[in-house]
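Next come the chains, spelled out residue by residue.
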Amino acid sequence: MSQYLLSIYQPDGPVPGPEVLEPIMRGLADLNREMRDAGAWVFAAGLHPAESATVLRPSGGEILITDGPFTEGKEHLGGFTVVEAEDLDAALGWARKLAGVTTLPVEVRPFQH
Amino acid sequence: MAEHGAGATGADVARVFRHEYGRAVAVLTRAFGSLDIAEDAVQDAFAAAVQHWPSEGIPPSPAGWIITTARRRGIDRLRREASREGRHAQAALLAAVRSGNGPAPAAEEQFLAEQSGVDEVDDDTLRLIFTCCHPALARSAQVALTLRLLGGLTTAEIARAFLVPEATMAQRLVRAKAKIRDAKIPYRVPQGAELPERLGPVLAVIYLIFNEGYNKGPADGPAGDELSAEAIRLGRLLASLMPDEPEATGLLALMLLIASRRGSRFTPDGGLVLLAAQDRGRWDAAPAGEGRELVRRCLRLNRPGPYQLQAAINAVHSDAAAAGNTDWAQIVQLYDQLLAVAPGPVVALNRAVALAELHGPGAGLAAVEGLELGNYRVYHAVRADFLVRLGRLPEAAAAYQRALELAGSVAEGRFLGAKLRSLGVAGYGDGGPSDPLTPRRSP
């Protein structure tokens with residue numbers, strides 16, 4: 001079995017209202033339960049918006065602290081799920097469900113071990 | 001082909017290589033669980049064949065010999081690496097292969113035993129095809145892997161075919177294989193509802209390889225022909241492995257029908273000859289006949305798809321002994337079906353060309369207006385042709401000029417330049433002699 005990081009990318013800007021968010025959160029809860037029942041669920045979390053991020057950067061022997069996020073752009077990591085799966089196809093199967101539920105792009109990356 | 005027991009020639013080994021390389025890599029990949037080990041082992045086995053076959057003769061089952069030898073070489077290599085570096089993974093893999101824990105040891109016996117139906121080698125070959133064309137890999141990587149692992153082309157050959165430096169292609173292959181390994185892209189054939197979605201990239205990769213070869217002119221040497229031939233070989237393999245998938249058969253038919261016209265597509269000095277002006281006596285009857293037969297077989301299954309419909313359109317062209325005998329009504333009807341299953345402006349443009357043959361250039365022109373193909377050279381060339389036939393020469397000249405600016409090859413540029421000059425419109429071209437390659441169509 002391998003572990004995969006399923007990263008959910010969220011557009012910056014105002015958070016959608018409850019009429020949009022609530023069904024998504026319900027869908028996520030269902031999916032997390034489905035993952036647990038299948039023994040695939042390892043960890044899952046949602047993050048505060050990217051403007052809440054802080055970046056630490058080694059520079060000339062010191063660590064420089066700046067207001068984040070690290071990457072420029074209009075979309076940032078909004079949350080992630082770690083799954084355990086037999087192979088990439090199995091991980092992609094969970095990622096497909098996650099993208100469907102969140103209506104957001106999902107990136108799948110294998111853990112090194 | 002040399003008799004068994006008689007000395008083999010380099011050509012004999014090359015022929016076995018072409019047909020068995022990919023199948024051997026497929027079997028060995030399952031045995032060793034690693035593309036790299038499988039590739040190296042199969043290459044070692046062919047090096048041994050080059051050494052032994054000329055004096056000892058071709059073995060009764062060349063494929064079985066290659067697979068057995070490759071398996072032995074692969075185990076030798078694992079053993080060397082396991083003892084030298086004490087690498088546990090290799091040692092464990094070796095133990096698994098040796099103890100028969102897994103299907104590997106039976107592979108060559110099964111190969112010898114079963115020469116028909118869906119045997120293990122066929123399954124492995126399909127697994128390799130679907131792994132090379134996995135949607136998690138970029139299209140350029142899918143193409144490179146397919147040519148490398150299933151076609152046995154060298155990295156240098158693939159780099160030449162796609163006009164990239166060899167180092168770039170080598171890196172592309174290394175990265176793709178690393179992704180297969182690290183992300184654990186599985187070695188399996190997709191089943192059920194997954195299959196149609198996964199078959200798409202496989203068909204697209206084979207057709208892309210075919211077109212890459214077909215679009216090369218005589219000036220590019222024999223590389224183009226070899227690439228097209230490899231695509232047809234892969235298409236034939238896929239169609240035989242997936243007899244219940246009419247689109248696989250449709251793709252093979254399409255490639256055969258297009259390839260049958262290759263000999264008449266260029267003038268001796270490399271100029272382009274359009275379909276209507278081609279010498280149909282020079283079309284290759286064997287692939288055309290096979291393509292038409294495959295189209296008929298697809299039609300009977302009645303599960304049409306884009307490749308089958310394009311093949312059917314090419315079969316109608318192939319049926320006409322002269323351009324004037326073409327059944328344009330049937331072609332328009334097939335394009336209507338194609339638009340329904342694979343809508344897109346390029347299909348609409350091709351439909352307009354057929355429509356113009358059926359109902360005149362005015363109908364064709366009306367059908368192309370509004371298509372969002374402003375950066376597509378063929379769109380402007382087609383519009384220009386309609387405008388010429390309607391006698392609207394200044395507009396035609398402007399359209400040819402636009403097509404010329406977008407021309408994709410020297411042959412195309414020359415062809416369009418000659419067309420433009422033949423109009424004799426002031427300010428465009430030089431009013432020189434009209435293009436001798438494509439006489440004006442009769443209305």
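Residues numbered from 1 in each chain as written. Chains lettered and ligands numbered in written order. Predicted model: local features only at pLDDT ≥ 70, side-chain atom pairs only at ≥ 80, totals over all residues.

## Brief notes about the UniProt feature "domain: YCII-related" (unreviewed entry) in chain A
Using the residue numbers shown here, the UniProt feature "domain: YCII-related" (unreviewed entry) corresponds to residues 8-101 of chain A. In the segment residues 8-101 of chain A, helix accounts for 36% and strand for 35%; the C-alpha atoms at its two ends are 11 Å apart. (UniProt positions renumbered as here; feature names shortened; annotations may be inferred. Helix = DSSP H or I, 4+ residues; strand = E, 2+ residues; numbered from the N terminus.)

## With respect to the packing of helix α7 (residues 139-150) of chain B against helix α10 (residues 194-214) of chain B
Residues and elements named next belong to chain B. Put simply, α7 and α10 touch, their axes get as near as 10 Å, and they point 75 degrees apart. Classed by the angle they form, the pair α7 and α10 counts as roughly perpendicular. Here Gln142, Val143, Thr146 and Leu147 of α7 come into contact with α10, specifically with Pro201, Val205, Leu208 and Ile209. Here the contact of α7 with α10 is built from residues that sort into six nonpolar, two polar and no charged. (Axes fitted to C-alpha atoms, helices over the stretch in contact; angles between N-to-C directions. Parallel < 35°, antiparallel > 145°, perpendicular 65-115°, else oblique. Contact = placed C-beta atoms within 7 Å. Nonpolar A, V, L, I, M, F, W, Y, C, P; charged D, E, K, R; others polar.)

## Thoughts on the environment of Leu355(B)
Residue and element names in this part refer to chain B. Mapped onto the elements, Leu355 comes out in helix α16 (residues 345-359). Between the C-alpha atoms of Leu355 and Glu20, which are 335 residues apart in sequence, the distance is 46 Å. Beyond its immediate stretch of four places on either side in the chain, Leu355 contacts Val332, Ala363, Gly364 and Ala367.

## Looking at the domain arrangement of chain B
Where the parts come together, the accessible area they lose is often given as the size of the interface. Residue and element names in this part refer to chain B. Split into domains, chain B comes out as domain 1 (10-113) and domain 2 (122-321). Contacts between the two partners involve 12 residues from domain 1, matched on the other side by 11 residues from domain 2. Among the secondary structure elements, those contributing two or more residues to the side of domain 1 that touches domain 2 are α1 (10-32) and α2 (35-56). For the side of domain 1 that touches domain 2, the element with the most residues is α1, which contributes nine residues. Of the residues that constitute the side of domain 1 that touches domain 2, the class distribution is six nonpolar, two polar and four charged. (Domains from an automatic or database assignment.)

## Structural notes on the pairing of strand β5 (residues 75-85) of chain A
Residues and elements named next belong to chain A. Note that strand β1 (residues 2-11) and β5 share 10 bridges and pair antiparallel. In the sheet register, Leu5 faces β5, and the bridge partner there is Val82. Across five bridges, the pairing between strand β2 (residues 41-46) and β5 is antiparallel. Each residue of the ladder has a partner; that of Phe43, found in β5, is Val82. (Pairing = 2+ DSSP bridges.)

## Re the sheet that holds β2(A)
Residue and element names in this part refer to chain A. Taken in spatial order, the four strands make up an open sheet running β2-β5-β1-β6, and their pairing is antiparallel. Of all the strands in the sheet, just β2 and β6 (106-110) have a single pairing partner and so form its edges. The average angle at which neighbouring strand axes cross in this sheet is 20 degrees, direction not considered.

## Side note on the nonpolar core
Residues Ala24(B), Leu28(B), Val42(B), Ile66(B), Ile206(B), Met255(B) and Tyr400(B) are the most contacted members of the largest nonpolar core, which totals 135 residues. Ignoring sequence-local partners within four residues, the contact set of Tyr400(B) consists of Ala381(B), Ala384(B), Leu416(B), Lys419(B) and Leu420(B). (Core = buried A, V, L, I, M, F, W, Y, C linked by C-beta atoms within 7 Å. Buried ≥ 20, exposed ≤ 12 C-beta atoms within 10 Å, placed from the backbone.)

## So, the interface of chain A and chain B
Counting residues at the interface gives five residues for chain A, matched by six residues for chain B. Of the residues in the side of chain A that touches chain B, the class split is two nonpolar, one polar and two charged.

## Structural notes on the environment of Phe415(B)
All names here are of chain B. Among the structural elements, Phe415 can be located in helix α20 (residues 410-423). A tally of 23 C-beta atoms within 10 Å means that Phe415 is categorised as buried. For the pair Phe415 and Leu309, spaced 106 residues apart in sequence, the C-alpha separation works out to 29 Å. If near-sequence neighbours (up to four positions away) are discounted, Phe415 is found in contact with Gly271 and Leu272.

## Section: the packing of helix α11 (residues 223-241) of chain B against helix α12 (residues 246-259) of chain B
Residues and elements named next belong to chain B. Direction vectors running N to C along α11 and α12 enclose 150 degrees, while the axes themselves pass 8 Å from each other. With respect to each other, α11 and α12 are oriented roughly antiparallel. When the axes of α11 and α12 are compared, the crossing they make is left-handed. On the side of α11, the interface is formed by Ser228, Ala231, Ile232, Gly235, Arg236, Leu238 and Ala239, while α12 contributes Ala248, Thr249, Leu251, Leu252, Met255, Leu256 and Ala259. Residues belonging to the contact of α11 with α12 are distributed by class as follows: 10 nonpolar, three polar and one charged. (Left-handed = near helix turned anticlockwise from the far one by under 90°.)

## Regarding unusual backbone geometry
Residue Pro69(A) follows Gly68(A) across a cis peptide bond; omega there is 0 degrees. On the secondary structure map, Pro69(A) appears in the loop between β4 (62-67) and β5. For Lys184(B), which is not glycine, the phi torsion reads 55 degrees and is therefore positive. One can find Lys184(B) in the loop between α9 (166-182) and α10.

## Concerning α20(B)
All names here are of chain B. An ideal rise of 1.5 Å per residue puts 20 Å on 14 residues; α20 measures up with 20 Å between its terminal C-alpha atoms. Buried within α20 are the following residues: Ala411, Glu412, Phe415, Leu416, Ala418, Lys419 and Leu420. Buried-residue contacts for α20 involve α18 (377-389) and α19 (393-405). At the exit of α20 stands Gly424, carrying a positive phi of roughly 65 degrees. (Expected span 1.5 Å × (residues − 1).)

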